[in-house]
Structure formats: C-alpha cells, structure tokens
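The chain contents come next:
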Amino acid sequence: MNLCVIGAGVVGLTTALQLQREFRNAAVTIVADRFEQDTCSDVAAGLFRPGTSFSGPTEEMTRKWISDAYQYWDEIRKTEESSEAGVAQLSGYIFSSTDPSIVRNHYIEKIVPVYRPVAEKELTLCPGEWKYGSFFTTLLTECRLFQPWATKKFLLSGGRIITDKISSFQELNGQYDVVVNCTGLGAKKLCQDYKLVPIRGQVIKVKASWVKTAFYADYDTYIIPGFQGVTLGGCRNFDSYNVNPCKYDSAAIRERCETLLPSLKGAPVIREAVGLRPHRDPVRVETEFIASASGRLKVVHNYGHGGYGVTTAPGTAIHAAQLVADVLKSNSKL
Ligand SMILES: Cc1cc2nc3c(=O)[nH]c(=O)nc-3n(C[C@H](O)[C@H](O)[C@H](O)COP(=O)(O)OP(=O)(O)OC[C@H]3O[C@@H](n4cnc5c(N)ncnc54)[C@H](O)[C@@H]3O)c2cc1C
C-alpha cells in the first residue's frame with residue numbers, strides 16, 4: 001500500500017509518523033517544497049496552549065484532538081529522547097488587566113497538571129496593573145529540534161521524502177492509495193480554499209538563559225523560554241502575506257516584553273523570524289474524493305491549524321490516520 005503526505009511542517013511530520021505507526025506494511029512518502037527552517041512550524045514558540053477560539057468540526061472532536069495531542073507530546077517528554085526531540089515541561093503565568101476570561105482556558109484547564117488562579121501576591125511579580133492571572137504547567141515543543149528528530153525517525157522507519165511543489169492533486173494520480181494533505185497555508189491555492197487566511201506573526205529569539213518561566217500578557221505579549229533561547233512575541237496580522245521582519249513590530253515586541261520582564265533589557269538577539277499562521281475556522285480534517293483520469297483520487301485533508309499547530313498536530317494526525325483507514329476499508333468494499 002502506498003500512502004502520501006504532502007507537507008513537512010509539524011502537521012505533515014506528525015501525520016506521516018502516525019501513518020507509519022497505524023499501517024505497518026504501508027510505504028509512506030512525504031512530498032514537500034519546504035522543510036525544517038523554511039516552514040511556518042520553525043517559527044513557533046511551541047507552547048502547548050490552544051487559543052480558546054481554536055475549533056474543529058465539533059467541540060467534542062476539538063477536545064479529543066487536544067487531549068490526544070497532549071498525551072502524544074507528554075509521552076515523548078518522558079523518554080530519553082525528549083531533549084533531542086525538543087519536548088519539555090514548562091510553567092508560566094498569564095496576566096490580564098482587562099478581562100478575567102483572558103486568563104482562563106477551557107480546553108486545557110483539566111488536561112495540564114496545573115492550571116490555577118494566581119494568588120494576589122503573584123499579580124505583582126511583573127510590572128503592570130494586573131487584575132487577573134493564572135499559573136499553569138504545560139509542555140513546549142521546539143520545532144527547530146522536533147522537525148529534524150521526526151524526519152530522522154520517519155526515514156529510519158522506511159519513509160521516503162521527495163522535494164517537489166504540487167500544483168494539483170492530479171499530479172499524484174495513480175501513484176498512491178490515499179494522499180493526506182498537510183500543506184498548511186499552501187492549501188489555499190491547492191484546494192482553492194478561501195476560508196484559509198494567513199495570520200502573520202513575528203518573534204524575536206533572544207539569549208536570556210536566566211528566564212525559566214513563560215509569561216503571557218495583554219496585547220499578544222509573550223515570553224517563552226525554549227531549548228535555544230527565549231521567544232519574545234508577538235503580533236497577529238490578519239490576511240498579511242509579509243514574510244519579512246518589520247522593524248516597527250520588533251520595536252513594539254521588545255518594548256512590551258521588556259516592560260513585562262525588565263531583566264530582558266539588552267538580551268542579545270539570536271534571530272528574528274516571521275511566520276504566516278494557516279488560520280481556518282474550523283480546522284479542516286476531512287476526506288474528499290476528487291475526480292481524476294483514473295477514477296477517484298482519495299484525499300484526506302489535515303490543515304488550517306492557525307496559531308495552534310504545534311499544540312494540536314498530533315491530535316489531528318490521529319484523526320487523519322483514522323480517516324485514511326476508513327477510506328481504505330471503503331475501498332475494499334468497492
Ligand atoms: C510567530 C508564531 C508563533 C507560533 N507559536 C505557536 C505556539 O506557541 N504553539 C502552537 O501550537 N503553534 C504556534 N504557532 C503556529 C504553528 O507554527 C502553526 O500552526 C504550524 O506551524 C502549522 O503547521 P503546518 O505543518 O500546517 O504548516 P507549515 O509548517 O507551514 O508546513 C507546510 C508544509 O506544506 C508544504 N507545502 C505547502 N504547499 C505545498 C505544495 N503545493 N506542494 C508541496 N508542499 C507544499 C510546505 O513546503 C511545508 O513543508 C506559531 C506560529 C507563528 C507564526
């Protein structure tokens with residue numbers, strides 16, 4: 001059996017690994033035009049924290065994706081390979097001066113080991129007029145480490161990787177039993193999906209080894225320590241295709257983060273990065289049969305994770321692999 005995954009970001013890689021796990025006798029191929037440091041996934045801070053507006057087709061399904069994903073990352077965290085894979089536990093604070101709902105997260109409050117309201121005293125940890133706050137312990141996946149680790153694992157299990165840009169699913173016609181589409185924002189053209197919108201994000205990675213706690217605050221301000229520096233963010237520019245760092249965004253990010261955590265002043269910059277989050281409401285995980293010269297091309301879509309693809313990729317990968325199994329079963333009945 002031949003299975004193909006288009007896309008080598010965190011969604012494509014977790015999906016390809018899941019297919020290898022589920023279909024032991026299948027030959028799995030990844031086809032992508034960009035890898036590792038050229039993907040949106042590489043820009044992510046990688047904190048396990050879905051936004052409260054993140055949504056799959058149903059609330060039940062969304063929650064299942066999130067809990068399956070947490071379990072997946074947590075299993076890696078507990079192995080000897082966790083540092084190589086870039087997965088670790090991380091705790092942090094979220095503060096708001098405007099609304100108590102901002103510091104809550106109905107998706108993960110019952111999944112992560114700690115999610116509690118802060119004590120009055122903790123509201124004074126960072127400068128600012130903070131009225132509301134939560135402290136939580138969650139996971140972090142640094143894609144700069146995870147993607148090479150996952151690629152190695154995929155190849156060691158017999159996977160094949162092809163560098164190519166797919167302009168139409170028809171190009172793959174006749175080569176694979178099922179194609180899984182994990183092209184992120186690339187699906188906008190490939191599927192002519194007008195629901196898919198880029199939400200541009202910019203981050204600054206700095207050297208600040210003393211920062212061991214994550215901080216989130218109003219106006220998209222975040223400070224997230226990782227394996228290779230601390231990520232300072234951010235911004236969300238709806239429908240923006242600008243992939244270049246903007247000096248005004250950099251200045252705003254630095255100012256907001258340094259105000260929140262003054263010890264960051266003067267922390268040397270490792271790099272600045274921009275990513276276009278592939279936002280779609282709802283995230284698309286579904287099967288499509290596309291008419292082709294030799295019958296029907298079977299495609300399972302898995303894209304549109306927006307700002308939460310690192311968090312949720314393993315969950316939607318499990319769902320996508322289940323849809324592949326369903327398609328193959330229905331094949332055998334034809
Ligand atoms: C600043 C920023 C911070 C973020 N922080 C977090 C965070 O803390 N936590 C979190 O969970 N998420 C975070 N995200 C979101 C996360 O990065 C994305 O949700 C995730 O990377 C999407 O993964 P993906 O695999 O769908 O897309 P990508 O990583 O963009 O990968 C898409 C893949 O598809 C391939 N492709 C596309 N079109 C084609 C084609 N036509 N032919 C062949 N190949 C194709 C590309 O080459 C690439 O390999 C952040 C994003 C940004 C920008």
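What you see is a predicted model; the values in this text were computed from it and never measured.

**Q** Is there a simple way to think about the site of the ligand in this case?
**A** Around the ligand sit 36 residues in total, of which Asp-33, Arg-34, Ser-41, Gly-306 and Thr-311 are the nearest. Backbone polar atom of Ala-8 to an oxygen atom of the ligand: 2.9 Å apart, as the coordinates give it. Contact between the ligand and Val-11: an oxygen atom at 3.1 Å from a main-chain N or O atom of the residue. Relative to its unbound accessible surface of 1,000 Å², the ligand loses 96% to contact with the protein.

**Q** Would you mind going over the packing of aromatic side chains with me for this structure?
**A** A full pass over the atoms with the stated rule returns 12 aromatic pairs. Taking 6.3 Å as the distance between ring centres and 65° as the angle between the ring planes, the aromatic pair formed by Phe-54 and Trp-65 counts as edge-to-face. Of the two residues, Phe-54 is situated in the loop between strand E2 (27–32) and helix H2 (59–77) and Trp-65 in helix H2; the sequence distance between them amounts to 11 residues. In terms of burial, Phe-54 and Trp-65 fall into one category: buried. Arranged with centres 5.8 Å apart and planes meeting at 40°, the rings of Phe-146 and Trp-149 form a pair that is tilted. Remark: Trp-149 and Phe-146 occur in helix H4 (residues 143–156); sequence separation between them is three residues, near one turn of the helix. The class of Trp-149 is buried, set by a relative accessible area of 7%. A cation sits over an aromatic face here: Arg-296 above Phe-289, 4.4 Å from the ring centre.

So, how was this worked out
- Residues numbered from 1 in each chain as written.
- Predicted model: local features only at pLDDT ≥ 70, side-chain atom pairs only at ≥ 80, totals over all residues.
- Heavy atoms only, no water.
- Near = heavy atom within 4 Å.
- Polar contact = N/O pair within 3.5 Å; in protein donor to acceptor, adjacent residues only side chain to side chain.
- Areas by Shrake-Rupley, 256 points an atom, 1.4 Å probe, with all protein chains shown as cover.
- Phe/Tyr/Trp six-rings, centres within 6.5 Å; stacked < 30°, edge-to-face > 60°.
- Helix = DSSP H or I, 4+ residues; strand = E, 2+ residues; numbered from the N terminus.
- Buried < 20%, exposed > 50% of the residue type's maximum accessible area, 1.4 Å probe, protein only.
- Lys NZ or Arg CZ within 6 Å of the ring centre and 35° of its normal.

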